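# Fold and geometry: a report
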Amino acid sequence: MADELEWEPVRALARRVRDGERLTLTAEVREMLERTAPEVGIGKADAAAALATAEKAEALLLECARRIKEGSDRIVDALYRAKRHRKAGDFDSARQEMREVLAIEVVPLYREIAEGQLEDMTEEP
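Naming follows an unreviewed UniProt entry, where the protein chain appears as DUSAM domain-containing protein of Myxococcus virescens.

So, in structure tokens, the structure goes:
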């Protein structure tokens, strides 16, 4: 899945929109948002509804970018803390870090990472 993700164009466009650029709902932008929405845990029906107007599409774009950023920060921070716990021999706390991510994360890639880490840690004491 990670090999297929191209989130930099979403991030770049969201930055420009936040800086005041108006979103033009071109075929390319529409396709990018249709592709990205499910990658960040937004259903196809919700994405399609959001693409009805430029204003709603802009909100969808910004939500996609927010989920990418916040989810990335969340998983990186949890991985760092889990590594510290494992080094200290506290595998229960390391596993809890991944459980906490899974309790709130909606981006499938980040969930997959947390699930993989949790699965790997079930083999440790």
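Once you've had a look at it, read on.
To continue, consider the packing of helix 4 (residues 54-87) against helix 5 (residues 91-104). One can describe the packing of helix 4 onto helix 5 by two numbers: an axis separation of 7 Å at closest approach and a directional angle of 165°. Classified by the angle their axes make, helix 4 and helix 5 are roughly antiparallel. In terms of crossing hand, the pair formed by helix 4 and helix 5 is left-handed. The segment helix 4 lies against helix 5, with Arg 74, Ile 75, Ala 78, Leu 79, Arg 81, Ala 82, His 85 and Arg 86 engaging Phe 91, Ser 93, Ala 94, Glu 97, Met 98, Val 101 and Ile 104.

Let us now look at the packing of helix 4 against helix 6 (residues 108-121). Put simply, helix 4 and helix 6 touch, their axes get as near as 10 Å, and they point 15° apart. With respect to helix 6, the element helix 4 is oriented roughly parallel. Crossing geometry of helix 4 relative to helix 6 is assigned as left-handed. The segment helix 4 lies against helix 6, with Arg 67, Ile 68, Gly 71, Ser 72, Ile 75, Leu 79 and Arg 86 engaging Tyr 110, Ile 113, Ala 114, Gln 117 and Met 121. By residue class, the composition of the contact of helix 4 with helix 6 is seven nonpolar, three polar and two charged.

So, how was this worked out
Residues numbered from 1 in each chain as written. Predicted model: local features only at pLDDT ≥ 70, side-chain atom pairs only at ≥ 80, totals over all residues. Heavy atoms only, no water. Axes fitted to C-alpha atoms, helices over the stretch in contact; angles between N-to-C directions. Helix = DSSP H or I, 4+ residues; strand = E, 2+ residues; numbered from the N terminus. Parallel < 35°, antiparallel > 145°, perpendicular 65-115°, else oblique. Left-handed = near helix turned anticlockwise from the far one by under 90°. Contact = heavy atoms within 4.5 Å. Nonpolar A, V, L, I, M, F, W, Y, C, P; charged D, E, K, R; others polar.

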